[in-house]
Amino acid sequence: MSHIKTIAGARLTASVKNGGCGECQASCQSACKTSCTVANQKCENNKNNRRFSPKTQK
Amino acid sequence: MRGRLFLLSLEGFKMLHKYELNGYRIAIDTNSGAVHVLDKLAYDLLDYASFEMGKEAPEEAYQLGSREDVDVCWSELGELRDRGELFCPDDKRLSSFRTASAPVKSMCLLIAHDCNMKCEYCFADEGCYGGKRNWLPEETAKAAIDFLIEKSGSRHNLEVDFFGGEPLLNFGVVKSTVEYARSLEQKHNKNFRFTITTNGVLLDDDNIEFINREMSNVVMSLDGRKEIHDRIRTKKDGSGTYDAIVPKFQKLVSQRENNAEGKRDYYLRGTFTRHNLDFSNDVFHIAGLGVDQISVEPVVAPDSAPYSLRKEDLPRIFTEYETLAKRIVEDRKNGGYFNFFHFMIDLEGGPCAIKRVKGCGCGNEYVAVAANGDIYPCHQFVGVAGKKMGNVLDGSFDQGMKSEFAKADIFAKTDCQNCWAKFYCSGGCNANNFLYRGDILKPYEISCEMERKRVECAVMIKAALADEEKENDGGKDAV
């Protein structure tokens, strides 16, 4: 395409079919974060994905 | 920067958000998750496009450019629509995952309702959570692990956060809990992932070695510049802690091994308040300490608190996020690197749509256990009247409350339905919603505004780095 660069495809639509295994991190292990940014979590089905979220303003 | 949201209502919502930031024109297609970077013609032409767009652009659209250019661009937009990457209708299949109760797989373990610091903004009342100072006994901790294993069903990966107050005050129980959980992994086919959050005061060589060996992640509290940190994060006598803890944090990080991605899992985690609305300087300061995993997050506080964030602070906060995002782009293009937690986004390999519907999982997949064994939906609910779910010592667990929290998904939050960012934040923090609006289903608008800005910045960073790849690739694309 000459006018548009797609940097991400229809990932959400595709993931409806195979998602939901429930093995990924509980996205907001800390409700004290002021936002529950679920989209920055990793899918456990992607190899080597292990990422953890920071917690709290303790 | 300006943004625009399209909403059409035929065959379900087709939501598209377009905005300009740092010279990039970006369109986010909410329901498909597709993200596009556009040139000016395509960006402007979007105003004339829709799910129902025909093969030819409307006559008034030809004012935007030459007939040939508009035709080509219109055709490209139509192609994206046909591929389901533009004006994508909402997926009705997602609603079938609604209200699904799930096994409990994550636990926040309050190791000590006690703290050796006295931070002005602490939601946990200096670790006491509105009650008495109390340390988690070893037997209660073991009962909590037993509870988690029992309630986790077939889930393999279990997460336990050692939290407080300050968990290092009761570090012996941290160690014995890890040892106990590890001893049960094989028997129950579980994989425990531990994390710990600490203020750093009691870090020493021994606990650093243990933490780096056993904890999948460690969160170290540091607000940034010394004067900012020491203003709020003080010892009981009011003196600051910056000078004492920073060398310990640096030591811990330097001794931490890389993960499979070649990076270390840890965070230097700060809080910004009304006192430091120029918080990008705190992020840069932390990055200058030789660490590269950073999170500086907005304070959670009632409006009455002098340091709370208010609606009139938002323009400044937005500017700070933009400054931060531009700096990250600049740094990475120059070979530098630091990661800002709230700008982390994986557009292609991120969480599945079902995860995004369910949201944080508190009270359903995730619970907090207090030092007396009481169970709460998450640690921010600890001590809140009417939110106790049970107790790990007597085995009680309120399935009705669990179901109530399980239902708190993105579809149940009516304010979120027309928000283009709903699949990025998944309805926000239920505890925040409860704190600010008295209802876990009603998101707090200031938090929403900040979240939308962060997503815009995060996507812009991706666009800019994709642009960099294109340049390195010989400029294959025109955009």
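Everything quoted here is computed from the prediction, not taken from an experiment. (Residues numbered from 1 in each chain as written. Chains lettered and ligands numbered in written order. Predicted model: local features only at pLDDT ≥ 70, side-chain atom pairs only at ≥ 80, totals over all residues. Heavy atoms only, no water.)

A word on the overall build of chain B
Operational definition: Under the scheme used here, helices are H or I runs from DSSP no shorter than 4 residues and strands are E runs no shorter than 2 residues, and both carry numbers assigned from the N terminus. Computation of the radius of gyration draws on C-alpha atoms alone. For the globule rule, the value is 2.2 Å times the number of residues to the power 0.38. Under the scheme applied here, a residue whose accessible area is under 20% of the maximum for its type counts as buried, over 50% as exposed, and between as partly exposed, the area being computed with a 1.4 Å probe on protein chains only. In what follows, a contact means two residues having at least one pair of non-hydrogen atoms within 4.5 Å. His residues and chain termini do not enter the charge count, which takes Lys and Arg as positive and Asp and Glu as negative. To locate a charge, take atom NZ for lysine, CZ for arginine, CG for aspartate or CD for glutamate.
Broken down by element type, chain B carries 14 helices and 16 strands. Compactness check: chain B gives a C-alpha radius of gyration of 24 Å against a globular reference of 23 Å for 479 residues, within 12% of the reference. Overall, the C-alpha framework of chain B stretches about 75 × 45 × 45 Å when taken along its three principal axes. Within chain B, buried positions represent 60% of all 479 residues. In chain B, once contacts between residues fewer than 6 apart in sequence are set aside, the share between residues at least 24 apart is 68%. With 63 positive and 76 negative side-chain charges, chain B shows a spacing of 3 Å between the two charge centroids.

Brief notes about a negative patch on the surface
Here is the rule we go by: Like-charged residues are merged into a patch within 9 Å and nonpolar side chains (Val, Leu, Ile, Met, Phe, Trp, Tyr) within 5 Å, provided each residue has over 30% relative accessible area and no salt bridge. Where accessible areas are quoted, they stem from the Shrake-Rupley method and a 1.4 Å probe; at the residue level, only the protein chains shown are allowed to cover. Salt bridge, as applied in this entry: a Lys or Arg side-chain nitrogen positioned within 4 Å of an Asp or Glu carboxyl oxygen.
Together, E56, E68, D69 and D71 of chain B line one region of the surface with negative charge. Overall, D69 of chain B belongs to the partly exposed group, its relative accessible area being 37%.

Details of unusual backbone geometry
Most peptide bonds take the trans configuration, and most residues that are not glycine carry a negative phi. Residues and elements named next belong to chain B. The step from G164 to G165 runs through a cis peptide bond, and the omega angle for that step is 15°. In this structure, G165 sits in the loop between β7 (157-164) and α4 (171-188). Non-glycine residue N22 carries a positive phi angle of around 55°. Within the element layout of this structure, N22 appears in the loop between β2 (14-21) and β3 (24-29). Positive phi, normally seen in glycine, also occurs at F87, with a value near 55°. The topology assignment puts F87 in the loop between α2 (67-82) and β5 (106-113).

What to know about the pattern of salt bridges
Two side chains carrying opposite charge are able to pair once their charged atoms lie near each other. All names here are of chain B. By the definition in use, this model includes 32 salt bridges over all chains. Across the salt bridge formed by K18 and D47, the nearest N and O atoms sit 2.9 Å from each other. A residue pair is termed long-range when its members are at least 10 positions apart, and K18 in strand β2 and D47 in the loop between α1 (40-45) and α2 qualify at 29 residues. Put simply, R437 and D415 hold a salt bridge, and the shortest N to O gap is 2.9 Å. Residue R437 is located in helix α13 (residues 430-437), and its partner D415 is located in the loop between α11 (399-406) and α12 (422-425); the two are separated by 22 residues in the primary sequence. You can call D415 partly exposed: its relative accessible area is 43%. Salt bridges sharing partners connect three or more residues here, namely R182, E185, E209, R213 and E214.

Thoughts on the environment of D91 of chain B
Relative to the elements of secondary structure, D91 of chain B occurs in the loop between α2 and β5. Separated by 18 residues in sequence, D91 of chain B and C73 of chain B place their C-alpha atoms 27 Å apart. Setting aside chain neighbours within four positions, we find D91 of chain B in contact with T13 and V16 of chain A.

What to know about the side chain of E166 of chain B
Residues and elements named next belong to chain B. The line we're drawing: Polar contacts, as counted here, are pairs of nitrogen or oxygen atoms within 3.5 Å of one another; within protein the pair requires one atom able to donate a hydrogen and one able to accept it, and residues that are adjacent in sequence qualify only if both atoms are side-chain atoms.
Among the secondary structure elements, E166 is positioned in the loop between β7 and α4. Exposure remark for E166: the relative accessible area of 1% places this residue in the buried category. Looking at E166, its side chain comes within polar contact range of the main-chain nitrogen of L168, at 3.1 Å.

What about the nonpolar core?
The line we're drawing: Side-chain atoms within 4.5 Å are what join buried Ala, Val, Leu, Ile, Met, Phe, Trp, Tyr and Cys residues into a set we call a nonpolar core.
Counting residues in hydrophobic clusters, the biggest one holds 129 residues, and the most contacted among them are L109, F162 and F343 of chain B. With near-sequence residues (within four places) excluded, L109 of chain B lies in contact with L136, A141, A144, V160, D161, F162, F163, T177 and V369 of chain B. Counting residues in each nonpolar core, the second largest holds 21 residues, with I4 of chain A together with L16, M53 and A61 of chain B among its members.

Quick look at the packing of α4 of chain B against helix α5 (residues 205-214) of chain B
Residue and element names in this part refer to chain B. Put simply, the rule reads: To define axes, lines are fitted to C-alpha atoms, for helices over the stretch in contact only, and angles between the resulting N-to-C directions are given on a 0 to 180 degree scale. Working rule for angles: under 35 degrees goes down as roughly parallel, over 145 as roughly antiparallel, 65 to 115 as roughly perpendicular, anything else as oblique. Two helices that cross are described as forming a left-handed crossing if the nearer one is turned anticlockwise from the farther one by less than a right angle, and a right-handed crossing if clockwise. Classification convention: Asp, Glu, Lys, Arg as charged; Ala, Val, Leu, Ile, Met, Phe, Trp, Tyr, Cys, Pro as nonpolar; all other residues, Gly among them, as polar.
Where α4 contacts α5, the two axes come as close as 12 Å, and the packing angle between them is 30°. Taken together, α4 and α5 sit at an angle that is classed as roughly parallel. Pair α4 / α5 crosses with left-handed handedness. In contact with F171, V174, K175, V178 and R182 of α4, α5 contributes N207, F210, I211 and E214. Class assignment for the residues of the contact of α4 with α5 results in five nonpolar, one polar and three charged.

Here's the deal with helix α1 (residues 11-18) of chain A
Where we set the bar: The directions considered for the arc are those from the helix axis to the C-beta atoms.
Buried residues of α1 of chain A: R11, L12, S15 and V16 of chain A, and no others. Down the axis, α1 of chain A shows its buried residues gathered within 145° of arc, on one side only. Exposed residues lying more than 90 degrees from the buried face of α1 of chain A are K17 and N18 of chain A. Along its buried surface, α1 of chain A packs onto α10 (353-358) and α12 of chain B. With its phi angle positive at about 90°, G20 of chain A sits one or two positions after the end of α1 of chain A.

Notes on the packing of aromatic side chains
Residue and element names in this part refer to chain B. This is how the line gets drawn: Here the aromatic set is Phe, Tyr and Trp, taking the six-membered ring for Trp, and pairing holds for ring centres within 6.5 Å; pairs whose planes are under 30 degrees apart are stacked, those over 60 apart are edge-to-face, and all others are tilted. In this analysis the charged atom, NZ for Lys or CZ for Arg, is taken to sit over a ring once it is within 6 Å of the ring centre and within 35 degrees of the ring normal.
Taken as a whole and judged by the stated rule, the model has 14 aromatic pairs over all chains. Ring geometry for F272 and F279: centres 3.8 Å apart, planes at 10°, overall stacked. Ring geometry for F284 against F338: centres 6.4 Å apart, planes inclined by 80°, an arrangement best described as edge-to-face. Residue F284 is found in helix α8 (residues 280-287), and its partner F338 is found in the loop between α9 (314-333) and β12 (339-340); the two are separated by 54 residues along the sequence. Through pairs of rings, three or more aromatic residues link up here, namely F272, F279, Y321, F340 and F343. Taking the ring centre of Y43 as reference, the NZ or CZ of K18 above it sits at 4.0 Å. One cation-aromatic arrangement involves R356 over Y424; the distance from NZ or CZ to the ring centre is 5.8 Å.

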